[in-house]
Structure formats: structure tokens, C-alpha cells
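# Structural description and commentary
One letter stands for each residue in the lines below.
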Amino acid sequence: MIKVTTFYKFFFIPETRLENIQSLLKKEGHHLNIRGLILIGTEGINATVSGLSDKLEQYKTIMQTLFPQEELFYKDSLSETWNFKRLSVKIKPEIVSVGKPEILLHKQDTPQKNDTLSPEKWDREIENKSQVLDVRNNYETALGKFQEAQELDLDQFNEFP
């Protein structure tokens, strides 16, 4: 069985590190027979990759070594066939395309983490009647949403800006 994993994370990566990261991910990926697509940029990383289970776990360890301050969350699934022919690691201005690279989804030029809400803080915000905007597309919001979240009627995420 082939294991497929997907993940993304917004965090600052200095532009001066991108080519080195790209080179290392390609080299190690080829060595482990990892296939898929990895996008890296100053705003973070976005990837869908596949490989034999033990090899993919080794690749995840390499990712964590590259980004020790970041907690990467992987969504794994199994496939009976290879979903990708080869590994491609690309440097891009956006890791999740919104069509406007000037909109920064990370804190610019700083290694500090973005502000996130713990589950407890999230609950407090909801209790305080904070407005929740659901920026997922119509297909995704039809499958489920947070109670009282405002849907934005988007066909594609890149309509959000």
C-alpha cells in the first residue's frame, strides 16, 4: 500500500533559505522514492506527497528537522496505486493561491508564530459572540460548518480576498 499525506502551514521562511530547503527536499525525496508536489515560499509550506509507509515517515522526520519550531499536522490516507509520477518541489510566492501575493498570511519578516486560538480561547470567543467567517468554498460549507458562522458564498477560495 502507498501512503499519501497532505499538509500545509503558514509560517515565515526567510527567502535566503528557500533554495536550500528545495534542494534538500528534492534530494531526500528522490532517495526515499517520495512522489508528489511540495510548494514552499516565504509564507510557509503546502504539500501532498506519497510513498511507502516507512519511507514517508522518514520524510516527515526530515520535514520536522527542517522546521523544528513548527508543528506540522499531517492528514494521511492509503492508496493502492501511485497518485503521482514524480516529486516536484517548487518555490512559489503563495503556498495557497489567493491570487494576491501582497496579502500576507504570516507575520512578515519575523520568525514569530502567527496568533492561533486554543480550543478554550475559541470557546470563549464564541461565547462572547465573536463573528466567524467561513472562507471555505460552497461545496465544503455544504458538508458542515460552525453554528452561526457567516458563509461567504465562495465557489473557490481565491475569491476570498
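Details of the structure are given in the entry above.
Described below are features of the structure shown in this document.

Turning our eyes to something else, we now look at the overall build of the chain. Counting its regular elements, the chain contains four helices and seven strands. Along the chain, helices (α) and strands (β) appear in the sequence β-α-β-β-α-β-β-α-β-α-β when read from the amino end. With 161 residues in all, the chain has 32% of them scored as buried. For the chain, long-range pairs separated by at least 24 residues make up 67% of all intrachain contacts whose partners lie at least 6 apart in sequence.

Before going further, it helps to examine the pattern of salt bridges. If you walk through the whole model with that rule in mind, you get five salt bridges. For the salt bridge of Lys60 with Asp76, the shortest nitrogen-to-oxygen distance reads 2.8 Å. Here Asp76 lies in strand 4 (residues 75-79) and Lys60 lies in helix 2 (residues 53-66), a separation of 16 residues in the sequence. Through salt bridges that share partners, Lys3, Glu57, Lys60 and Asp76 make up one connected network.

The subject of this paragraph is the sheet that holds strand 3 (residues 44-52). What links the strands of a sheet is backbone hydrogen bonding, and the strands pair in either a parallel or an antiparallel sense. Ordered by their spatial adjacency, five strands build an open sheet running 4-1-3-2-5, and the pairing between neighbours is mixed. The outermost strands of the open sheet, each flanked by one partner alone, are strand 4 and strand 5 (87-91). Going from strand to strand, the sheet's axes swing by 15 degrees on average, the running direction of each strand aside. As paired strands, strand 1 (residues 2-10) and strand 4 are joined by five bridges and run antiparallel to one another. Bridge pairing in strand 4 places Ile2 opposite Ser79.

Right, let's get into the pairing of strand 1. In the sheet, strand 1 pairs with strand 3 via nine bridges, with the strands oriented antiparallel. Among the inter-strand pairings, Phe10 is bridged to a residue of strand 3, identified as Gly44.

This next bit is on the nonpolar core. Core analysis: the largest hydrophobic core is formed by 22 residues, its most contacted members being Leu25, Ile38, Ile45, Tyr59, Met63 and Phe67. Of all the elements in the fold, those that place two or more residues in this core are helix 1 (15-31), strand 2 (35-41), strand 3, helix 2 and strand 5. With five residues, helix 2 is the largest single contributor of residues to this core. Contact partners of Leu25, with chain neighbours within four places excluded, come to Ile38, Ile40, Tyr59, Met63, Leu66, Leu87 and Val89.

Right, let's talk about the packing of aromatic side chains for a bit. Applying the stated rule across the entire model yields three aromatic pairs. When the ring of Tyr8 is compared with that of Phe10, the centres are 5.8 Å apart and the planes differ by 75 degrees; the resulting orientation is edge-to-face. Since its relative accessible area comes to 53%, Tyr8 is described here as exposed. Seen in terms of ring centroids, Phe11 and Phe67 are 5.1 Å apart; in terms of plane orientation they differ by 70 degrees. Their pairing is edge-to-face. Of this pair, Phe11 sits in the loop between strand 1 and helix 1 while Phe67 sits in the loop between helix 2 and strand 4, placing them 56 residues apart in sequence. Its relative accessible area of 3% is what places Phe67 among the buried residues. Lying across the ring of Trp82, Arg35 places its NZ or CZ 3.9 Å from the centre. Directly above the ring of Tyr74 sits Lys60, whose terminal nitrogen or CZ lies 4.7 Å from the centroid.

Glancing now at unusual backbone geometry. A positive phi is found at Asn33, a non-glycine position, where the angle reads about 60 degrees. When you line up the elements, Asn33 lands in the loop between helix 1 and strand 2. Exposure remark for Asn33: the relative accessible area of 37% places this residue in the partly exposed category. Even without a glycine there, the phi angle at Asp153 is positive, about 55 degrees. Tracing the backbone shows Asp153 in the segment after strand 7 (150-151).

Cut-offs and rules
Residues numbered from 1 in each chain as written. Predicted model: local features only at pLDDT ≥ 70, side-chain atom pairs only at ≥ 80, totals over all residues. Heavy atoms only, no water. Helix = DSSP H or I, 4+ residues; strand = E, 2+ residues; numbered from the N terminus. Buried < 20%, exposed > 50% of the residue type's maximum accessible area, 1.4 Å probe, protein only. Contact = heavy atoms within 4.5 Å. Salt bridge = Lys/Arg side-chain N within 4 Å of Asp/Glu carboxyl O. Pairing = 2+ DSSP bridges. Axes fitted to C-alpha atoms, helices over the stretch in contact; angles between N-to-C directions. Core = buried A, V, L, I, M, F, W, Y, C linked by side-chain atoms within 4.5 Å. Phe/Tyr/Trp six-rings, centres within 6.5 Å; stacked < 30°, edge-to-face > 60°. Lys NZ or Arg CZ within 6 Å of the ring centre and 35° of its normal.

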